[in-house]
Amino acid sequence: MERPAGAHRTVLRVTDKPVLLTAPRDGTPEPVQTPQELTAVARRFAEATGPVAVDAERASGYRYTHRAYLVQLRRAGAGTALIDPLPLGDLSPLAEAIQDAEWVLHSASQDLPCLAELNLRPKRLFDTELAARLAGFERVGLAALTEQLLGYTLEKHHSAADWSTRPLPQAWLAYAALDVELLLDLRVILAAELERQGKAQWAAEEFAALAATASEPPRPRPDPWRRTSGIHRVRGARGLARVRALWYARDEIAARRDVAPGRVLPDSAIVAAAEHDPRTERELLALPGFGGRSVRRLARTWLAALNEARSLPEHELPAPPQLEGPPPPHRWAERDPVAAARLARCREVVTGLAAAHRLPPENLIAPDFVRRLAWAPPERPTAETVAATLRAFGARSWQVNLVSERLAAALVGADRGPRERPEPQP
């Protein structure tokens, strides 16, 4: 069994061979689809006690939006409920029923935005994936954790399904119910392990930060077209203009149809057209990615976008992106060798501290914070000024307390002393 270094021997699998769960212990409930059914479920969960396991299923890769197409909940005394939000929309009655409970989610940041669209926002939460990271587990997927800590294996072959499908197949509903079946048991074990390792307060700060941002919509990315896969192969501002024009033409169609953009036109096709700049339908359809029937039907749209990019005056072509913060680290040695040396020392500190405390470096402190600190350190780097800088970036108190003194020394190139070693574990 895989477990964190020094893990207590009570963190054990129940059986030598994991048991495959194929059906919920209480059976698979039918999805709630009417206001009357929602009211009944809300009453049931309000009368129950303890934390509430929460999960949501989206249709990533199939739909343009990232909305929830199914919400799953489980609570001691209430059992499991599956909620179909499509005919219901607002789930405020359910939100009121569980508003004071702690929510238990796995990888909460993935589900919180789509739950917030349904007026489901936790005041308190426990993230089992994040808890496992902080506790030092190497495999932190839900199926891996339930196998390691509870002795059960979960099938995950419906994880990439199109959850906008209606009616939902019975096998999918069983899969969805199983996603919350073991979350509460998992929370108990992980909370005990965090407490044993002295990391309970660290986790509490992380969970509080997640809950505080649950209602915030995702920040829009500047120039989202620049994330087109393979764009690095396109040369020149005019070529980038072609990528941009095709990207926005595709995005408009995808939004109107509520279809994932890649299903309208793959990124590879956008890049091929940007590289070759076809001027006729025949030239366009000869390119990779333009052979499908639905893509061919939109040939005039793609050619119009390319023609638009071709006719742009020079001053309207895409300019190099305005970077917020420091440049990419691979350019530091050329632009500022002193800063590059600072960054190397800071990274060494973070790696050493993370190993000593048995957690991933990115959970100890955000890599972006380290880069920004190394690129533009305080005028007088001390533990206090570094701590203030990291707090301004958004670092949590536990992170600041662990890294500020050592990072201050690294910034000035001082002797950092011996690496911290983990204390012997029982």
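To keep things clear, this report deals only with the structure shown in the data block.

About the criteria used
Residues numbered from 1 in each chain as written. Predicted model: local features only at pLDDT ≥ 70, side-chain atom pairs only at ≥ 80, totals over all residues. Heavy atoms only, no water. Helix = DSSP H or I, 4+ residues; strand = E, 2+ residues; numbered from the N terminus. Buried < 20%, exposed > 50% of the residue type's maximum accessible area, 1.4 Å probe, protein only. Contact = heavy atoms within 4.5 Å. Areas by Shrake-Rupley, 256 points an atom, 1.4 Å probe, with all protein chains shown as cover. Lys, Arg positive; Asp, Glu negative; His and termini not counted. Charge placed at Lys NZ, Arg CZ, Asp CG, Glu CD. Phe/Tyr/Trp six-rings, centres within 6.5 Å; stacked < 30°, edge-to-face > 60°. Lys NZ or Arg CZ within 6 Å of the ring centre and 35° of its normal. Salt bridge = Lys/Arg side-chain N within 4 Å of Asp/Glu carboxyl O. Pairing = 2+ DSSP bridges. Axes fitted to C-alpha atoms, helices over the stretch in contact; angles between N-to-C directions. Patch = residues over 30% accessible without salt bridge, like charges linked within 9 Å, V, L, I, M, F, W, Y side chains within 5 Å. Parallel < 35°, antiparallel > 145°, perpendicular 65-115°, else oblique. Left-handed = near helix turned anticlockwise from the far one by under 90°. Nonpolar A, V, L, I, M, F, W, Y, C, P; charged D, E, K, R; others polar. Right-handed = clockwise from strand over helix to strand, strands pointing away. Polar contact = N/O pair within 3.5 Å; in protein donor to acceptor, adjacent residues only side chain to side chain.

**What about the overall build of the chain?**
For the chain, the helix and strand inventory stands at 20 helices and seven strands. Out of the 426 residues belonging to the chain, those deemed buried represent 46%. At a minimum sequence separation of 6, the contacts of the chain that also span at least 24 residues come to 68%. About 21,600 Å² of surface is accessible on the chain, with carbon and sulfur atoms providing 50% of the total. The average position of the 57 basic charges and that of the 53 acidic charges among the side chains of the chain differ by 5 Å.

**Points about the environment of Ala42**
With respect to the helices and strands, the residue Ala42 is situated in helix α1 (residues 35–47). Along the backbone, Ala42 and Glu181 are 139 residues apart, and their C-alpha atoms lie at a distance of 18 Å. Beyond its immediate chain neighbours, meaning those up to four positions away, Ala42 contacts Pro93, Leu94 and Ala97.

**Observations concerning unusual backbone geometry**
In this model, Arg166 is joined to Pro167 through a cis peptide bond whose omega is -5°. Its identity is not glycine, yet Asp223 carries a phi of approximately 45°, on the positive side. Positionally, Asp223 belongs in the loop between α8 (200–212) and α9 (236–257). The phi torsion at Arg358 lies on the positive side, around 55°, for a residue other than glycine. Position of Arg358 among the secondary structure elements: in the loop between α16 (337–357) and α17 (361–364). Judged by relative accessible area, Arg358 falls into the buried class, the value being 17%.

**Observations concerning the packing of aromatic side chains**
Considering all chains together, one arrives at seven aromatic pairs under this definition. Here the aromatic rings of Phe369 and Phe393 are separated by 5.7 Å at their centres, their planes lie at 40°, and the arrangement is tilted. Within this pair, whereas Phe369 is found in helix α18 (residues 367–375), its partner Phe393 is found in helix α19 (residues 383–393), the two being separated by 24 residues in sequence. An aromatic cluster of three or more residues is present, and its members are Trp163, Trp172 and Tyr175. Over the face of the ring belonging to Tyr69 we find Arg67, whose NZ or CZ atom lies 5.4 Å from the ring centre.

**A look at the pattern of salt bridges**
The tally for this structure, following the rule as stated, stands at 18 salt bridges. The partner of Asp277 in a salt bridge is Arg242, and the shortest N-O contact between them spans 3.7 Å. You can see Asp277 sitting in the loop between α11 (267–276) and α12 (281–285) and its partner Arg242 sitting in helix α9, a full 35 residues away along the chain. The buried category is assigned to Asp277, whose relative accessible area is 15%.

**Looking at the sheet that holds strand β3 (residues 70–75)**
Spatial strand order, β4-β3-β2-β5-β6: five strands in an open sheet with mixed pairing. Single-partner strands in this sheet number two, and they are β4 (79–83) and β6 (124–127). Between one strand and the next, the sheet's axes are offset by a mean angle of 25°, whatever the strand orientation. Bridging between β3 and β4 involves five bridges; their strand directions are antiparallel.

**Structural notes on a positive patch on the surface**
Together, Arg256, Arg257, Arg293, Arg296 and Arg297 give the surface a local cluster of positive charge. Within the residue set of the positive patch, elements represented by two or more residues are α9 and α13 (293–297). If one sorts the elements of the positive patch by residue count, α13 sits on top with three residues.

**A few points about the packing of α16 against helix α20 (residues 397–412)**
One can describe the packing of α16 onto α20 by two numbers: an axis separation of 8 Å at closest approach and a directional angle of 150°. Looking at the two axes, α16 sits roughly antiparallel to α20. Regarding α16 and α20, the two cross each other, and that crossing is right-handed. Residues Arg342, Arg345, Cys346, Val349, Val350, Leu353 and His357 of α16 form the contact with α20, whose own contacting residues are Leu402, Val403, Arg406, Leu407, Ala410, Leu411 and Val412. Of the residues assigned to the contact of α16 with α20, the class counts are 10 nonpolar, one polar and three charged.

**Description of the pairing of β6**
Residues in a regular strand point their side chains to alternate faces of the sheet. Sheet topology places strand β5 (residues 102–105) next to β6; four bridges connect them, and they run parallel. Its bridge partner being in β6, Leu105 is matched across the sheet by Asp127. As for the winding sense of the linkage, the β-α-β connection from β5 through helix α3 (residues 108–116) to β6 is right-handed.

**Some details on the packing of α8 against α20**
Between α8 and α20, the least distance of the axes is 8 Å, while the angle of their chain directions is 125°. If you check the angle between α8 and α20, you find them oblique. Between α8, through Trp202, Glu205 and Glu206, and α20, the contact on the second element is made entirely by Ser397, Trp398, Gln399 and Leu402. In the contact of α8 with α20, the residues fall into three nonpolar, two polar and two charged.

**Overview of the side chain of Arg342**
By secondary structure assignment, the location of Arg342 is in helix α16. Here Arg342 occupies a buried position and makes no salt bridge, while the nearest side chain of opposite charge, Asp336, is found at 4.7 Å. Beyond its immediate chain neighbours, meaning those up to four positions away, Arg342 contacts Ala374, Trp375, Pro377 and Leu411.

**Points about the side chain of Arg74**
With respect to the helices and strands, Arg74 occurs in strand β3. Within the structure, the side chain of Arg74 is placed 3.2 Å from the side chain of Asp26, a separation counted as a polar contact. Once residues lying within four places of it in the same chain are set aside, the contact partners of Arg74 are Arg25, Asp26, Phe45, Pro51, Val52, Ala53, Gly79, Thr80, Val180, Glu181 and Leu184.

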